[in-house]
Amino acid sequence: MPEPYVPKEAVSHGDGATAALAIGEAETLERAPGGPGAPGDPSLKARSLWSDAWHDLRRNPVFIISALVILFLVVIAIWPSLIASGSPYRADLSKAQRGASPGHPFGYDTQGRDVYTRVVYGARASITVGICATAGAALLGSVLGGLAGFFGGWWDALLSRIADVFFGIPIILGGLVFLSVVTSGSVWPVVGFIVLLGWPQISRIARGSVVTIKQNDFVQAARALGAGNGRLLLRHIAPNAVAPVIVVATIALGTYIALEATLSFLGVGLKPPTVSWGIDISDAATRIRNAPHMLLWPAGALSITVLAFIMLGDAVRDALDPKLR
């Protein structure tokens, strides 16, 4: 007879009476034919970390709201023409700095370009930089940090010292120096710079997670049964050590989007004719008194995007962190 399923809420609070009551209720349900505790009921099956996390996430309103906002941003980044029919480069100097008008709810910028269209098209650059930089930093940091935590020794010491060097570089100052010599105004130099300075943070998280996981009994048992280093890393350690990396990478994605806008605002990130929220904010900063709409709309879009990714990261952290269960 399978053991009764005890809700994790009852056990996590450490209340013995509550846990005993939950067990008694589960046994009662199990004796009821066809009840929720009957043999074959899915609730009697143990849930993995990922299924348990998904069970929590889909009931978390913060996750649902942030995921819907991010989904909308990704859709308009891929197909901006769905909600913006004009061109972000079309200019009419006779309408420069005008406010909202029929068909142009966000007004016009200093060159008479539609602010609404530029805000919509600006999502593409920000989302591209955020996703590509996060994927690159997470992949590089996870591989290097995981290998350092697994093998230890001189490899771990060498990687730690290299990471300390990159941690000592101020990210804004590094961007001003590194990107000022790059003539291309595309997203890829910015992505490369963020990956270059972003991997040490994730490598430390990956290293600590691997060091903790490799000491568990199931890893030692697999090693005793003859499993090689490759099998231990790929089959036993990596699936259990990846959760903290996902949490940190999700939160960092919003930070990288804000960093791209900051570098573009300073003139060393994305450059025209690329459409970017940072570029538009930089153009509007000196005209905030005469035409505040030029600054408020791209700045608002940037703030909502960064907030959505940070909220998503917080929700994922709450679902995957065993200490919060």
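Peer 1: Residues and numbers for the pattern of salt bridges, please.
Peer 2: Summed over all chains, the structure comprises 7 salt bridges. Put simply, R118 and D280 hold a salt bridge, and the shortest N to O gap is 3.0 Å. Here R118 is found in helix 5 (residues 115-151), whereas its partner D280 is found in helix 11 (residues 277-284), with 162 residues between them in sequence. The closest approach of N and O atoms between R161 and D164, which form a salt bridge, is 3.0 Å. With R161 and D164 both in helix 6 (residues 153-167), this residue pair falls 3 residues apart, about one helical turn. Several salt bridges converge on common partners, so that one network encompasses R161, D164 and R204.

Peer 1: Please give an account of the packing of aromatic side chains that cites residues and values.
Peer 2: The final tally for this structure, using the stated rule, is 7 aromatic pairs. Note on F106 and W297: the rings are 3.8 Å apart at their centroids and 5 degrees apart in plane angle, and the pair reads as stacked. Here the residue F106 occupies a position in the loop between helix 4 (61-78) and helix 5, and W297 occupies one in helix 12 (residues 293-320), the gap between them amounting to 191 residues. Seen in terms of ring centroids, F150 and F151 are 5.0 Å apart; in terms of plane orientation they differ by 90 degrees. Their pairing is edge-to-face. Linked through ring pairs, F106, Y116 and W297 together constitute an aromatic cluster.

Peer 1: Break down the environment of F193 for me, citing the residues and quoting the values.
Peer 2: The topology assignment puts F193 in helix 8 (residues 187-213). For F193, the contacting residues outside a window of four places in its chain are I171, G174, G175, F178, L179 and L263.

Peer 1: Account for the packing of helix 11 against helix 12, naming residues and giving values.
Peer 2: Following both chains from N to C, one finds helix 11 and helix 12 inclined at 145 degrees, their axes separated by 8 Å at the closest point. As helix 11 packs across helix 12, the resulting crossing turns out to be left-handed. On helix 12, the residues touching W277, D280, I281, D283 and A284 of helix 11 are M294, L295, P298, A299, A301, L302 and T305. For the contact of helix 11 with helix 12, the per-class residue count stands at 9 nonpolar, 1 polar and 2 charged.

Peer 1: So what about the packing of helix 5 against helix 6? Which residues, and what values?
Peer 2: Remark: helix 5 packs on helix 6, axes separated minimally by 7 Å, with the N-to-C direction vectors making an angle of 140 degrees. Between helix 5 and helix 6, the angle is such that the two are oblique. Considering the relative orientation of helix 5 and helix 6, their crossing is left-handed. Taken together, the residues of helix 6 that come into contact with helix 5 (itself represented by L144, G145, L147, A148 and F151) are G153, W155, D156 and L159. Classifying every residue of the contact of helix 5 with helix 6 by side-chain character gives 6 nonpolar, 2 polar and 1 charged.

Peer 1: Tell me about the nonpolar core, and name the residues and values.
Peer 2: Grouped together as the largest cluster of nonpolar side chains are 33 residues, with contacts concentrated most on V119, I127, I257, W277, L302, F309 and L320. Listed by contribution, the elements that provide at least two residues to this core are helix 3 (49-57), helix 4, helix 5, helix 10 (229-265), helix 11 and helix 12. The element contributing the most residues to this core is helix 12, with 12 residues. Each residue touching L302, except ones within four places of it in the same chain, is listed here: I257, A258, A261, W277 and I281. The next biggest cluster of nonpolar side chains, apart from the first, holds 25 residues, and it includes A133, A138, F193 and V245.

Peer 1: Could you give me a rundown of unusual backbone geometry, with the residues and numbers involved?
Peer 2: A cis amide bond links P272 with the next residue in sequence, P273, at an omega value of 10 degrees. Looking at the secondary structure, you find P273 in the loop between helix 10 and helix 11. Residue Q97 is not a glycine yet carries a positive backbone phi of 65 degrees. Topologically, Q97 is positioned in the loop between helix 4 and helix 5. What makes Q97 partly exposed here is its relative accessible area of 29%.

Peer 1: I'd like a description of the confidence of the model for the protein chain, backed by residues and values.
Peer 2: Scored by pLDDT, the protein chain comes out at a mean of 83, with 84% of its residues at no less than 70. When pLDDT is averaged over each helix and strand of the protein chain, the minimum, 39, is found for helix 2 (residues 16-31) and the maximum, 94, for helix 4. For residues 1-39, every residue scores under 50 in pLDDT, and the model assigns this stretch 37 contacts once sequence neighbours within four places are set aside.

Peer 1: Break down a nonpolar patch on the surface for me, with residues and values.
Peer 2: On the surface, I171, I172, L173, L176, V177, F265 and L266 cluster together into a nonpolar patch covering about 560 Å² of accessible area. The element best represented in the nonpolar patch is helix 7 (residues 171-179), accounting for 5 residues. Tracing the sequence through the fold places L176 in helix 7. Residue classification places L176 among the partly exposed residues on the basis of a relative accessible area of 33%.

Peer 1: For the environment of G254, give the residues involved together with the corresponding values.
Peer 2: You can see G254 is positioned in helix 10. For G254, a relative accessible area of 0% corresponds to the buried category. For the pair G254 and A308, spaced 54 residues apart in sequence, the C-alpha to C-alpha distance is 7.7 Å. With residues near it in sequence (within four places) discarded, G254 still touches V306 and F309.

Each value, and the rule that gives it
- Residues numbered from 1 in each chain as written.
- Predicted model: local features only at pLDDT ≥ 70, side-chain atom pairs only at ≥ 80, totals over all residues.
- Heavy atoms only, no water.
- Salt bridge = Lys/Arg side-chain N within 4 Å of Asp/Glu carboxyl O.
- Helix = DSSP H or I, 4+ residues; strand = E, 2+ residues; numbered from the N terminus.
- Phe/Tyr/Trp six-rings, centres within 6.5 Å; stacked < 30°, edge-to-face > 60°.
- Contact = heavy atoms within 4.5 Å.
- Axes fitted to C-alpha atoms, helices over the stretch in contact; angles between N-to-C directions.
- Left-handed = near helix turned anticlockwise from the far one by under 90°.
- Nonpolar A, V, L, I, M, F, W, Y, C, P; charged D, E, K, R; others polar.
- Parallel < 35°, antiparallel > 145°, perpendicular 65-115°, else oblique.
- Core = buried A, V, L, I, M, F, W, Y, C linked by side-chain atoms within 4.5 Å.
- Buried < 20%, exposed > 50% of the residue type's maximum accessible area, 1.4 Å probe, protein only.
- pLDDT = per-residue confidence, 0-100.
- Patch = residues over 30% accessible without salt bridge, like charges linked within 9 Å, V, L, I, M, F, W, Y side chains within 5 Å.
- Areas by Shrake-Rupley, 256 points an atom, 1.4 Å probe, with all protein chains shown as cover.

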